[in-house]
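# Overview (structure and organization)
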Amino acid sequence: KAGVTQTPRYLIKTRGQQVTLSCSPISGHRSVSWYQQTPGQGLQFLFEYFSETQRNKGNFPGRFSGRQFSNSRSEMNVSTLELGDSPLYLCASTRDTGSYEQYFGPGTRLTVT
Amino acid sequence: GEDVEQSLFLSVREGDSSVINCTYTDSSSTYLYWYKQEPGAGLQLLTYIFSNMDMKQDQRLTVLLNKKDKHLSLRIADTQTGDSAIYFCAETSSGGGADGLTFGKGTHLIIQP
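Residues numbered from 1 in each chain as written. Chains lettered and ligands numbered in written order. Predicted model: local features only at pLDDT ≥ 70, side-chain atom pairs only at ≥ 80, totals over all residues. Heavy atoms only, no water.

### Looking at the sheet that holds strand β3 (residues 19-24) of chain A
All names here are of chain A. A sheet is described by the order of its strands in space; here four strands give the open sequence β1-β3-β8-β7, paired in antiparallel fashion. For this open sheet the edge positions go to β1 (5-7) and β7 (64-68), each flanked by a neighbour on one side alone. Each strand axis lies, on average, 20° off the axis of its neighbour in the sheet, ignoring direction. Here β7 pairs with strand β8 (residues 74-78) via five bridges, running antiparallel. Following the sheet pairing, Arg 67 is matched in β8 by Glu 75. (Pairing = 2+ DSSP bridges. Helix = DSSP H or I, 4+ residues; strand = E, 2+ residues; numbered from the N terminus. Axes fitted to C-alpha atoms, helices over the stretch in contact; angles between N-to-C directions.)

### Points about the sheet that holds strand β1 (residues 4-6) of chain B
Residues and elements named next belong to chain B. Taken together, the five strands give an open sheet; going across it, the order is β1-β3-β8-β7-β6, and neighbouring strands pair in antiparallel fashion. The open sheet has two free edges, formed respectively by β1 and β6 (55-58), since each of these has just one partner strand. With strand direction ignored, the average angle separating the axes of adjacent strands in the sheet is 15°. As defined by bridge partners, β1 adjoins strand β3 (residues 18-24) across three bridges and the pair is classed as antiparallel. By the bridge assignment for β3, Val 4 is matched with Tyr 24.

### Here's the deal with the interface of chain A and chain B
Contacts between the two partners involve 27 residues from chain A, matched on the other side by 21 residues from chain B. Note on chain A versus chain B: buried area summed over both sides is about 1800 Å², and carbon and sulfur give 55% of it. If you look at where chain A meets chain B, you find five residue pairs in polar contact (both at pLDDT 80 or more). Elements that contribute at least two residues to the side of chain A that touches chain B include exactly β4 (31-38), β5 (42-50), β6 (53-57), β9 (88-94) and β10 (103-104) of chain A. Taken together, the residues that form the side of chain A that touches chain B break down as nine nonpolar, 13 polar and five charged. (Contact = heavy atoms within 4.5 Å. Buried area = accessible area lost by both parts, 1.4 Å probe. Polar contact = N/O pair within 3.5 Å; in protein donor to acceptor, adjacent residues only side chain to side chain. Nonpolar A, V, L, I, M, F, W, Y, C, P; charged D, E, K, R; others polar.)

What follows is the structure, given as structure tokens:
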């Protein structure tokens, strides 16, 4: 069974631009979560989607947003990129409510110049 | 808010056992996880334990949970060079991904020949 896939793997953007990242969960998984990983703050929860609905959101500003499609694929958008927005963005998928195993993708490395 | 603490570095000799420790503050933590991250990669789920368990063993991995002290440990028997990575402890109070995982900052496991 294929794992969680994320595209693109690497991205370079300029300050002020926006970016959209994509995550395809493991087949049969309906929950997708997004995390930001930085050397200083570590891994922080951004938001989680289940059946196209955002169920929970971490402590991030409104320029971080996401959505989920009917096939469970999810996208994350960061508008007005700042120089500090150069972490690794990871997504994770879980089968559904009551499942405890979260599987992560390889991440998207975003560099903002 | 909830917090998860880990030592930053652990150095062991090849063939010895490694013990990575983690403490958490959230008394409602129900599921506790260990993830492994190799350079340039995403997170690999190693194992997890429910809060009503004391121990879980899976091949070379042994997880011990002391719920009273909110202390979690991961023991890797017969440590090999391939075990060199960052190990993250994480917790959540609900399954299904809804609440997101709270991660420690990670322990760098260094293997000496």
